[in-house]
Amino acid sequence: MKRILLSFVFMLVAAYGFAQDRQAILKVMHTQEEAWNRGNIEEFMTTYWKSDSLVFVGKTAPTYGWQTTLEHYKQTYPDKAAMGQLKFNIIQIKVLDKTNAFVLGGWKLTREKDTPGGYFTLWFRKIKGEWKIVCDHTS
């Protein structure tokens, strides 16, 4: 009986922890939207792992490194008009363990002349107590 009760308590604690992690990840995604919509790519990039090991996979090929990703964003979106207004549609957040999570979602930009959009998968890792994007595949 003690084992069953102990297992139940452990499951409750784990579920509570994962719920908190899920909320923290949603906050990261909200931070991205807000920074983007203010035209602030540097703030948008604070949600990514600042490392040469960051992986970004876009339409053409994988690129590596935080700085390379920042430069890519700045080149592709040179001003606020090009950036438009970003809206995410989070489809799924899976907290895999206490340091890894997976996010699947959609994105849409609303600009004066068009509304491009697509999907993304993100691998989050908890680094120094903060959830950071370590791999981004956006199409």
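Residues numbered from 1 in each chain as written. Predicted model: local features only at pLDDT ≥ 70, side-chain atom pairs only at ≥ 80, totals over all residues. Heavy atoms only, no water.

(A) Spotlight on the layout of surface pockets. Approximately 530 Å³ is the volume found for the largest pocket. Around the largest pocket sit 29 residues that line it, and Phe 56, Tyr 73, Tyr 77, Trp 107 and Thr 138 are the ones nearest its centre. Sorting the residues of the lining of the largest pocket by element identifies α1 (2-37), β2 (62-64), α3 (66-76), β3 (85-97), β4 (100-110), β5 (117-127) and β6 (130-138) as the ones contributing at least two each. (1 Å grid on protein atoms, 1.4 Å probe; cavity = no way out; pocket = protein on both sides within 12 Å on 5 of 7 lines; lining within 4 Å. Points joined across faces, edges and corners; volume = space filled by probe spheres on them. Helix = DSSP H or I, 4+ residues; strand = E, 2+ residues; numbered from the N terminus.)

(B) A look at the sheet that holds β2. Read from one edge of the open sheet, six strands run β2-β1-β6-β5-β4-β3, paired in mixed fashion. Here the strands that pair on one side only, and so sit at the sheet edges, are β2 and β3. Neighbouring strand axes in the sheet, compared pairwise and without regard to direction, differ in orientation by 25° on average. Pairing between strand β1 (residues 55-57) and β6: three bridges, direction parallel. Among the inter-strand pairings, Phe 56 is bridged to a residue of β6, identified as Asp 136. (Pairing = 2+ DSSP bridges. Axes fitted to C-alpha atoms, helices over the stretch in contact; angles between N-to-C directions.)

(C) Structural detail: the environment of Leu 86. By the secondary structure assignment, Leu 86 is in strand β3. By relative accessible area, Leu 86 is classed as buried at 8%. Along the sequence, Leu 86 and Leu 109 sit 23 residues apart, while their C-alpha atoms lie 4.7 Å from each other. Setting aside residues no more than four positions away along its own chain, Leu 86 makes contact with Glu 33, Trp 36, Asn 37, Phe 44, Trp 107, Lys 108 and Leu 109. (Buried < 20%, exposed > 50% of the residue type's maximum accessible area, 1.4 Å probe, protein only. Contact = heavy atoms within 4.5 Å.)

(D) Summary view of α3. When we look at burial in α3, the residues that qualify are Trp 66, Thr 69, Leu 70 and Tyr 73. End-on, the buried residues of α3 take up no more than an arc of 100°, which puts them together on one face. (Arc of directions from axis to C-beta.)

(E) How the structure looks around the side chain of Gln 32. Structurally, Gln 32 can be placed in helix α1. Once residues lying within four places of it in the same chain are set aside, the contact partners of Gln 32 are Phe 44, Thr 47, Tyr 48, Phe 88 and Ile 133.

(F) Highlighting the nonpolar core. Among the nonpolar cores identified, the biggest contains 29 residues, and Trp 36, Phe 44, Met 45, Tyr 48, Tyr 73 and Phe 124 are the most heavily contacted of them. Where this core is concerned, the elements lending two or more residues are α1, α2 (41-44), α3, β3, β4, β5 and β6. Apart from residues no more than four positions distant in its own chain, Phe 124 is found in contact with Ile 25, Val 28, Met 29, Thr 99, Asn 100, Ala 101, Val 103, Trp 131, Lys 132 and Ile 133. (Core = buried A, V, L, I, M, F, W, Y, C linked by side-chain atoms within 4.5 Å.)

(G) Molecular detail of the pairing of β3. Where β3 and β4 come together, eleven bridges link them in antiparallel fashion. Paired with Val 95 across the two strands is Ala 101, which belongs to β4. The loop that links β3 with its antiparallel partner β4 comprises two residues.

These results come straight from atomic positions and should not be treated as a statement about function.
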